[in-house]
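# Structure assessment
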Amino acid sequence: MKPSTLIISYLWKDTWKRWCEQPGSPTARVFVTALLVVVTTVILTAFQLVERSLRERLERFGLDTVLVREAVAPNSPGFFRHGGGPDALAMLETSGRKLRLRQLFVRGQTEWRENNLPVFTYPPEALPALAEMLSTQTAAVCASAELPRNALLRVRIGHRSVLAGVARPPNWLRALAPDDFVLVPQGWLEEEERLGWLATTVFQRGLGAPPMEQIIAAVNVMAILDQRTPPQIQSALPLMRELDEMHLRHQQWRGVLAGILGAAVALVYGAIAVLEFRQNLFVGALLRSFGAPRWLLYFRHWLENAALANLAAIGATGLVVALQETIFGTLGFPREMLASAGANAYAGGALVGILVWINVGAFLSSLPVAAGLRQPVGEILN
Amino acid sequence: MNCEDISFRYRPDRPWVIDGFRHTFKPGVTLVKGASGCGKSTLLRLLAGFLEPQAGRILTPFGTAPTDTRFQRCALGFVFQQLNLLPLATVERNLMLAGSLAELPTEQIAANSARWLRVLGLEAYARRLPQSLSGGQQQRAAIARALVREPTVVLLDEPTSGLDDLNARVIIRSLEQFITGDRICVVSSHDTRLESLADETLNFNHFLPLEGHLEALV
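Residues numbered from 1 in each chain as written. Chains lettered and ligands numbered in written order. Predicted model: local features only at pLDDT ≥ 70, side-chain atom pairs only at ≥ 80, totals over all residues. Heavy atoms only, no water.

For the rest of this paragraph, the subject is the interface of chain A and chain B. Counting from both sides, the interface comprises 24 residues of chain A and, opposite them, 27 residues of chain B. Summed over both partners, the interface of chain A with chain B comes to about 2300 Å²; 68% of that surface belongs to carbon and sulfur atoms. Viewed at the interface, chain B and chain A are joined by zero salt bridges. At the boundary of chain A and chain B, one finds five residue pairs in polar contact (both at pLDDT 80 or more). If you list the elements that add at least two residues to the side of chain A that touches chain B, you get α1 (3-21), α7 (281-290) and α13 (377-380) of chain A. (Contact = heavy atoms within 4.5 Å. Buried area = accessible area lost by both parts, 1.4 Å probe. Salt bridge = Lys/Arg side-chain N within 4 Å of Asp/Glu carboxyl O. Polar contact = N/O pair within 3.5 Å; in protein donor to acceptor, adjacent residues only side chain to side chain. Helix = DSSP H or I, 4+ residues; strand = E, 2+ residues; numbered from the N terminus.)

Structure representation (structure tokens):
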């Protein structure tokens, strides 16, 4: 048998015996690592889930989309029941495409969806922009990403009921509402329009148009010049800022956790490795006196630490993945988000980084042993 | 094996343990005699390359320094005063490991093990762990472990210390059988029973720091 095989076999036996005699030693290392990894994985995965949620919102809203809302009361100057009236944002047409709608102060209900749907009315000028959503059977549209396309369904709006065709909203109109919404031609809901509406303009910036910040500033300036109350402007900019901030915080936490995890593993494992190395000092020296290479004895300590740390990290991550719905559900993440993609991918992604830090810690923890192995055999053995 | 004006001390602030020692160890048995603390064990560890002299140099019969890994693995057999056997390996396994590290063929290791276990009266204990053996049996097993490697240089540090006459006689007989031809054996001991084995005796008492002993006597 090869000498290295014999030595490795002996060292393995020695390690196993030590674990059996002092189970606290490997257990403490595994427990500390697993605890730290669970905390780290949960924090990093939570960051990733928040980022994902923001990205989805951003994607749904559209990076180049601006939503301008202005309340129009029955007594306000912009209250034209028939026809669109003067368009204060007409100048935006040169910078992209624009759609003017009215969001009524009523909600629609279908037998499929219990929740209330926002109701918008559109003027005849909007027909070209909405053409792809309209069916030949009815001019009302239920914009939905999930209901079966082209299905006809009855929508109750106040005391009235309209037949609407289901259509997928084009991306640039998805900013209008987070879920489904109803589009009805102006004049169909006269009673409801009497209450006033939110003049809603969806604008999608075109190529070569000025930056989004300038467009938003222009809309505000125009409102001031027209002596109107500044409109409510919704764009992707706050979301992008939030996403950037979240990303930065994620990176900072990643760095801090890397330091904590690596340092904790290095300190705990290092302290135990030094104690055990001292306990086995004579056996190590004896093996060296036989001619066993020093690197093999060092390798044993490094491998032991690395194996325990990686085992604990993988086990802890597995635990987080298995209990992801409970853990992240408790932390307030929507179950649909976890069910659709699951946190597995995120926990798995965090695992790679965690394993790197842990292995760095395990390597550092074995350095005192490497230093100890430099002591001459003759100073150890009598 | 040549020692050329070697000097050694364990710490720079301590006195020299060995100071300017010069000697050529010839084939055969050299008995290094002296009182405790005179540096006998230190000399053996220097000869084995387990310590390095601060001055002078030691040359093995192969012309290398004793710290040479190949010399330590293949040509050196060392018996320490105390711990000599791996506690979790049987006597037979200890011998096999030692022989294997000396790069001997498996058949030769097996034959050597069988021979030295027989000569040293350990055949019945081959499958036992060291902790289940008596002090004398452990010391004999340690010698078997050193001899199974067929080393050119055998260094024994107090091999019969604390052993009864029977054990001592078994050890002496095994060494007589082993030390043939060009083999060099250096034994450090103040045991008079080993004097019959020696081809040369080296008195190491001149390295003894007398102050401490005299103070103790007073």
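Having put the structure on the table, let's press on.
Here we take up the sheet that holds strand β5 (residues 76-79) of chain B. Residues and elements named next belong to chain B. Strand order in the open sheet made by the five strands is β5-β6-β7-β3-β8, with parallel pairing throughout. At either end of the open sheet lies a strand with only one pairing partner, and these are β5 and β8 (200-203). Strand-to-strand, the axes of this sheet are offset by a mean angle of 15°, without reference to chain direction. Sheet analysis places strand β3 (residues 28-33) next to β8, joined by four bridges and oriented parallel. Directly across from Thr30, in β8, lies its bridge partner Glu200. Most of the contacts of helix α1 (residues 40-48) go to strand β6 (residues 153-157), to which it runs at about 155°, and overall it touches β3, β5, β6 and β7 (184-188). (Pairing = 2+ DSSP bridges. Axes fitted to C-alpha atoms, helices over the stretch in contact; angles between N-to-C directions.)

Turning our eyes to something else, we now look at the pattern of salt bridges. Under the defined criterion, the tally for this structure stands at 20 salt bridges over all chains. Across the pair Glu4 of chain B and Arg57 of chain B runs a salt bridge whose closest N-O atoms are separated by 2.8 Å. Taken together, the residues span a long stretch of sequence, with Glu4 of chain B in strand β1 (residues 2-8) and Arg57 of chain B in strand β4 (residues 55-59) at a distance of 53 residues. Owing to a relative accessible area of 28%, Glu4 of chain B belongs among the partly exposed residues under this scheme. Judged by its relative accessible area of 45%, Arg57 of chain B falls in the partly exposed class. Through salt bridges with shared partners, a single ionic network connects Arg18, Arg29, Glu276 and Glu304 of chain A. (Buried < 20%, exposed > 50% of the residue type's maximum accessible area, 1.4 Å probe, protein only.)

This brings us to the packing of α1 of chain A against helix α3 (residues 91-101) of chain B. Between α1 of chain A and α3 of chain B, the least distance of the axes is 8 Å, while the angle of their chain directions is 140°. Classified by the interaxial angle, the pair formed by α1 of chain A and α3 of chain B is oblique. Note on packing geometry: the crossing formed by α1 of chain A with α3 of chain B is left-handed. When α1 of chain A is examined against α3 of chain B, the residues Pro3, Leu6, Ile7 and Ser9 of chain A are found in contact with a partner set consisting of Arg93, Met96, Leu97, Ser100 and Leu101 of chain B. (Parallel < 35°, antiparallel > 145°, perpendicular 65-115°, else oblique. Left-handed = near helix turned anticlockwise from the far one by under 90°.)

We now examine the nonpolar core. Nonpolar side chains tend toward joint burial in soluble globular proteins. Core analysis: the largest hydrophobic core is formed by 55 residues, its most contacted members being Leu287 of chain A together with Phe21, Phe25, Leu43, Leu47, Leu86 and Leu155 of chain B. Top contributing element to this core by residue count: α7 of chain A, with six residues. Those residues in contact with Leu287 of chain A that sit more than four places away from it in its chain are Tyr10, Leu11, Ala292 and Leu297 of chain A together with Leu86 and Leu97 of chain B. Counting residues in hydrophobic clusters, the runner-up holds 35 residues, among them Leu95, Leu120, Ala144 and Leu197 of chain B. (Core = buried A, V, L, I, M, F, W, Y, C linked by side-chain atoms within 4.5 Å.)

Okay, the side chain of Arg18 of chain A next. Assignment of secondary structure puts Arg18 of chain A in helix α1. When residues no more than four places from it in sequence are discounted, the contact partners of Arg18 of chain A are Glu276, Asn280, Arg300 and Glu304 of chain A.

As assigned here, chain A comprises domain 1 (3-58 + 241-380) and domain 2 (64-235). Using only C-alpha atoms to locate each centre, domain 1 of chain A and domain 2 of chain A end up separated by 55 Å. (Domains from an automatic or database assignment.)

It is worth spelling out a nonpolar patch on the surface at this point. Residues and elements named next belong to chain A. Together, Val352, Val356, Val360, Phe363, Leu364 and Leu367 give the surface a local cluster of nonpolar side chains, amounting to about 500 Å² of exposed area. Per-element accounting of the nonpolar patch gives the leading share, five residues, to helix α11 (residues 344-365). Along the chain, Val356 falls in helix α11. Look at Val356 and you get partly exposed, because its relative accessible area is 46%. (Patch = residues over 30% accessible without salt bridge, like charges linked within 9 Å, V, L, I, M, F, W, Y side chains within 5 Å. Areas by Shrake-Rupley, 256 points an atom, 1.4 Å probe, with all protein chains shown as cover.)

Further remarks concern the packing of aromatic side chains. If you walk through the whole model with that rule in mind, you get 14 aromatic pairs over all chains. Each ring, one from Phe120 of chain A and one from Phe181 of chain A, has its centre 5.7 Å from the other, and the planes form 80°; the classification is edge-to-face. Of this pair, Phe120 of chain A sits in strand β3 (residues 117-122) while Phe181 of chain A sits in strand β7 (residues 181-185); the two residues are 61 residues apart in sequence, bridging distant segments of the chain. Phe181 of chain A gets classed as buried once you look at its relative accessible area, which sits at 1%. When the ring of Phe78 of chain B is compared with that of Phe80 of chain B, the centres are 4.5 Å apart and the planes differ by 40°; the resulting orientation is tilted. Accessibility classification places Phe78 of chain B together with Phe80 of chain B in one group, the buried group. Connected via pairs of aromatic rings, a cluster forms that spans Trp12, Trp16 and Trp19 of chain A. Its guanidinium or amino end placed over the ring of Tyr269 of chain A, Arg29 of chain A lies 6.0 Å from that ring's centre, counting from NZ or CZ. (Phe/Tyr/Trp six-rings, centres within 6.5 Å; stacked < 30°, edge-to-face > 60°. Lys NZ or Arg CZ within 6 Å of the ring centre and 35° of its normal.)

Further remarks concern the environment of Arg241 of chain A. Topologically, Arg241 of chain A is positioned in helix α6 (residues 237-279). Note: C-alpha distance between Arg241 of chain A and Ala223 of chain A (18 residues apart in sequence) is 25 Å.

On to empty space enclosed by the protein. Residue and element names in this part refer to chain A. With the rule as written, the count across this model stands at two cavities of 30 Å³ or more. For the largest cavity, the calculated volume is near 70 Å³. What lines the largest cavity is Leu11, Phe277, Asn280, Gly284, Leu287, Leu297, Arg300, His301 and Leu373. Going through the elements one at a time, α7 and α8 (294-322) are the ones with two or more residues in the lining of the largest cavity. The greatest single-element share of the lining of the largest cavity, amounting to three residues, is contributed by α8. (1 Å grid on protein atoms, 1.4 Å probe; cavity = no way out; pocket = protein on both sides within 12 Å on 5 of 7 lines; lining within 4 Å. Points joined across faces, edges and corners; volume = space filled by probe spheres on them.)

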